[in-house]
Amino acid sequence: MVRLLLVGVNHRSAPLAVREQFAVEAAVPVLEKLVAGDEIEEAVLISTCNRVEIAVSTQQLEAARHRLERCFHSELGSGLAQSGVAWRAEFLYEHVDAEAARHLFRVAASLDSMVIGEPQILGQVKDAFRLATDHRTCGPILSRLFEAAFTAAKRVRSETRIAERPVSIARVAVDLAAQIFESFADKAVLLIGAGEMTELALAALRQAGLARLAVANRRREHAFELAKRFNASAHLLADLPELLPAADIVITSVAGSDWMLRASQVSEAQRLRHGRPLFVIDMGVPRNVDPAVNRLADVYLYDIDDLGRQVERNAAERSVEGERAEAIVREEAQRFLGWLFALRAVPTIRDLRARAEEMRAAELQKSAVRLALTPEQFLGVEALTHTLVNKILHAPLSRLRSALESEAGAAQLEAARSLFALDVEASSENGAEGALDPSPDDS
Amino acid sequence: MSEQLIYWAAALYLAASVSAAAGAAQASPTLRRLGVSLLTVAVCLHGFSFAVLHRDGPPPLTDLAAAVSLTAWLGSAAFLFALLLWPRLAGLVVLVAPLAFLGVVFGFLPVDASVPLPVLAGRWSHLHVLLSSAGLALLGLAGGAGALLLIEDRWLKAKRPLGSARLPSLESLDRAGAVAMAVGFPLLTLGFITGVLWLRGATGEWWTGAPHQVWSALAWFIYVGLSSARFFAHQGAHAAARSAALGFSFLIFAVVGVEVLW
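Residues numbered from 1 in each chain as written. Chains lettered and ligands numbered in written order. Predicted model: local features only at pLDDT ≥ 70, side-chain atom pairs only at ≥ 80, totals over all residues.

**Q** Could you clarify how one ought to interpret the overall build of chain A in this entry?
**A** Scanning chain A from terminus to terminus reveals 15 helices and ten strands. Counting across all 443 residues of chain A, residues that qualify as buried make up 41%. A separation threshold of at least 6 residues defines the contact pool for chain A, and within that pool the share at least 24 residues apart is 72%. (Helix = DSSP H or I, 4+ residues; strand = E, 2+ residues; numbered from the N terminus. Buried ≥ 20, exposed ≤ 12 C-beta atoms within 10 Å, placed from the backbone. Contact = placed C-beta atoms within 7 Å.)

**Q** Just checking my understanding: could you explain the overall build of chain B for this structure?
**A** Of regular secondary structure, chain B possesses eight helices and zero strands. Listing every helix and strand of chain B by position from the N terminus yields α-α-α-α-α-α-α-α. Taken across its 262 residues, chain B has 50% of its residues classed as buried. Considering only residue pairs separated by 6 or more positions, chain B has 84% of its internal contacts joining residues 24 or more positions apart.

**Q** Sorry if this is basic, but what is going on with the interface of chain B and chain A here?
**A** Interface size is commonly expressed as the accessible surface area that is lost when the partners come together. In this assembly, 21 residues from chain B lie in contact with 21 residues from chain A. Sorting the residues of the side of chain B that touches chain A by element identifies α5 (122-157), α6 (170-203) and α8 (237-261) of chain B as the ones contributing at least two each. Grouping the amino acids of the side of chain B that touches chain A by side-chain chemistry returns seven nonpolar, nine polar and five charged. (Nonpolar A, V, L, I, M, F, W, Y, C, P; charged D, E, K, R; others polar.)

**Q** Quick question: what am I supposed to make of the sheet that holds strand β2 (residues 42-47) of chain A here?
**A** Whenever strands of a sheet pair, they do so through backbone hydrogen bonds, lying parallel or antiparallel. Residues and elements named next belong to chain A. One open sheet holds the four strands; their spatial order is β2-β3-β1-β4, and the pairing between them is antiparallel. The open sheet terminates on both sides in strands that have one partner only, identified here as β2 and β4 (93-96). Within the sheet, the average angular offset between the axes of one strand and its neighbour, ignoring direction, is 15 degrees. Relative to β4, strand β1 (residues 3-10) runs antiparallel, the two being bridged by four bridges. Within β4, the position partnered with Gly8 by the bridge is Tyr93. Running at roughly 50 degrees to β1, helix α4 (residues 98-108) makes contact with β1, β3 (51-58) and β4 of the sheet. (Pairing = 2+ DSSP bridges. Axes fitted to C-alpha atoms, helices over the stretch in contact; angles between N-to-C directions.)

**Q** I tried to follow the sheet that holds strand β9 (residues 278-282) of chain A on my own but got confused; where do I start?
**A** All names here are of chain A. Reading across from one edge, β7-β6-β5-β8-β9-β10 is the order of the six strands in this open sheet, with parallel pairing throughout. Each having just a single partner strand, β7 (233-236) and β10 (299-303) make up the two edges of the open sheet. Each strand of the sheet is rotated relative to its neighbour by a mean of 20 degrees, with strand direction disregarded. Here strand β6 (residues 212-217) runs beside β7; their pairing, made up of four bridges, is parallel. Among the inter-strand pairings, Asn217 is bridged to a residue of β7, identified as Leu236. Along the sheet, helix α9 (residues 220-230) contacts β6 and β7; its crossing angle with β6, the most-contacted strand, is approximately 160 degrees. Sheet strands touched by helix α12 (residues 304-371): β9 and β10. Its angle to β10, the strand with the most contacts, is close to 80 degrees.

Printed below as a string of structure tokens:
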């Protein structure tokens, strides 16, 4: 019976120092080695900065489990000992069958990511699948699994807003700036002071395409140091009157109890800017910018509390969206599992029909000799036995199929094989797992 | 057949409005895209209905209802064209689609408001209606962009931002408003001039003092002031948006309201 197994290490199961030891530079040799053995039939390896996971299909679950553990322990994680990190079994997690499918669907839909909803993971999973397909380590079972995972991810992206609401101060600042400005490529940022939060916001704005940056600080050496770090021009706070009119986004984080920017200063700058919008992000505690600045036309002032409140609102919205996304994942996983479980029934249904046919033919031959049937009578009795066998098998096979649409159906499958003693005499050629049509004709 | 097409166009404008409103409320790009798609189909049908109308002779554009309908069509078409240049303006569909719907529905109302002038000098009359409608449509777009900018501005100032995925950025709304006004006002001016020429051809007078003329002239002078403030006095985005929204409200009253009331 075909089984799914997924073994991996991610940001929740292992710290970065461990994860970086598992980083896979060349996945193809690993995959080829895995499918070369008898334990594993198909394999796909997903390797990102936050996870290394191997999904396989197998007929021998235990053997495949040991093979993957060995792969992680001795092959991928061979550098652990050298880096002084002791191997621990808890670094690895594993998921089987339905859980494996659900986990992969959550990964592809970015529900298992460090930043939920981040878009890169889907591309990385697609790349991993493509690589495995190109090198023929991925067959029909995993292909179906991954295609279904991509469908789920696409649905999550289009039917929910999971990725839409940023949940970090820096990302919220960028999202607000995007509501004011069409593009950041032609915008200038003025950074007054410095701090961890301002640097994060700056990095996020840079990532969004921001090009021009000026840094102003109380002390010349600090200004130069920051300017060097951010590839910006360095200025003193005394230069603010000249710097303000040129800035579209101002980020402040300066120690001190007095306003660094007063409404009158900003108003004068706005006059020189001909009223172009200005976004002021006050990250100072205590605040650096006079709140009256927000009342000026075309000026938008957000302090650290405003940004924090927005983060909270977004997080609440995301958790609602997360529930909807999980429901989509469950639905798509169930659809895939229905196919997989039905596929598992193929050998049993085939064996059962073969057994019944064998008995019918044998009994017919015996009776034909004993009763000395004419050819016409033989044909009549043969048709009668065919009908009887089909009628007797119809209900159990239909029920078996519907039961197999859920995970619990596996037990019924086992029961059917046991009741009809199919494992005792089933010929090996009947166990054709490669046949992917889960609906053989039983009429 | 033209009437059937107009009914279908109106239904599609309404569907586009509902889809766009739901898209904005739920921040759903899919619903917003659906709104734009429905609007596109509506514009095609609406345009086709004018073509069918034209097949049976010059369309009766001097009829106020037809002129408003034409304005709605031109405005929607201009918006779809603007989307090719600035895709982020798609959020504006939430205003454009309902306005287009109202424009078409206006044509269904039993309004006896055809311009009380003999339809002579056909070239001038049709040119006047076409140019004025195009100007009105573009100034309507400027007004719509302005109104949306004011709403977004209010939410941003109140520290309750709507999210960048829901609506266009303030900058793109401001830019779209500026372009719409820069093209729309000259068209309105040409419409005004051709209107005067039509009047001269029809009555032999340049000025009759009819309410339509007086209010239209007043609206034109207001737009002279608004355009000057916007393009020469470096008016800020917020003030320009407010001017565009108020200016268009006045213009609609001057062109449509006055005809209905008097």
